[in-house]
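Commentary on secondary and tertiary structure
Chain by chain, the residues run as shown.
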Amino acid sequence: EAVGVSGHSFGGYTALVLAGGEVDVDKARARCEAGIEGDVFCPYIVYFPPGTTLKRPAGAAVFNASLAMAPGGYSAFGDEGLAPIAMPVMLMGGTLDEFTLNDLRPLYDGLRPPKYKLEIEGAGHMGFTDICRAGLDVPELNELCDPARYIDIDRGFELINPFAAAFMRYHLKGEAGMAPYLAPGYAKTFPEASFTSADR
């Protein structure tokens, strides 16, 4: 009866598209050509046909809440592309994100309420996945999972999981008891958490 969507990185961008976000390719190209420092999405916009708008495909599943973790794509959406999103959205990101750090706050600012933003001190881009637990010997991945640099992966999920679960249960199942877990007071129990929300 009610379904949520979530995604990480480019999947976070996709979760925003499935929530109703739209990308006017020509406007996105113009923003990228104007120069947006550290924007991870700009190298990809050239692959989309000029004069087109990227949006949720007709006939795609209809979702009721969207959770985007370390999402990229603010330069793609712009504020006008985020305006069509009419469902609750939660954004999550890390203060040491190597790729999408510059996207998190402008994405949040461009969304309409209800909206939520969780920033985790010491989390990198891969801190929202299980990949750092896989033990893969890949030099680039080892660098992105360096335990000396980033928050412990298990500790990170001690923050991610309760906020994600509370968000989905509150907005999909109408569980009023989840509201206190979507408030700054609860976030203060985690010294690594910075939480912002707007209900209306």
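Let me sum up the structure you'll find in this document. (Residues numbered from 1 in each chain as written. Predicted model: local features only at pLDDT ≥ 70, side-chain atom pairs only at ≥ 80, totals over all residues. Heavy atoms only, no water.)

This next bit is on the layout of surface pockets. Taken as a whole, the largest pocket holds about 180 Å³ of empty space. Cys-132, Cys-145, Tyr-150, Ile-151 and Ile-153 are the residues nearest the centre of the largest pocket, which is lined by 14 residues in total. Of the residues belonging to the lining of the largest pocket, the class tally is nine nonpolar, three polar and two charged. (1 Å grid on protein atoms, 1.4 Å probe; cavity = no way out; pocket = protein on both sides within 12 Å on 5 of 7 lines; lining within 4 Å. Points joined across faces, edges and corners; volume = space filled by probe spheres on them. Nonpolar A, V, L, I, M, F, W, Y, C, P; charged D, E, K, R; others polar.)

Going through the model one piece at a time under the given rule, you end up with 13 aromatic pairs. Centroid distance Tyr-116 to Phe-167: 5.6 Å. Interplanar angle 70°. Geometry classified as edge-to-face. Taken together, the residues span a long stretch of sequence, with Tyr-116 in strand S6 (residues 115-120) and Phe-167 in helix H7 (residues 153-173) at a distance of 51 residues. For Tyr-116, a relative accessible area of 2% corresponds to the buried category. Aromatic rings pair up to connect Tyr-116, Phe-163, Phe-167, Tyr-181, Tyr-186, Phe-190 and Phe-195 into one cluster. Above the face of the Tyr-108 ring, Lys-115 is positioned so that its terminal group lies 4.5 Å from the ring centre. The ring of Tyr-108 has Lys-117 lying over it, and the distance from NZ or CZ to the ring centre is 5.4 Å. (Phe/Tyr/Trp six-rings, centres within 6.5 Å; stacked < 30°, edge-to-face > 60°. Helix = DSSP H or I, 4+ residues; strand = E, 2+ residues; numbered from the N terminus. Buried < 20%, exposed > 50% of the residue type's maximum accessible area, 1.4 Å probe, protein only. Lys NZ or Arg CZ within 6 Å of the ring centre and 35° of its normal.)

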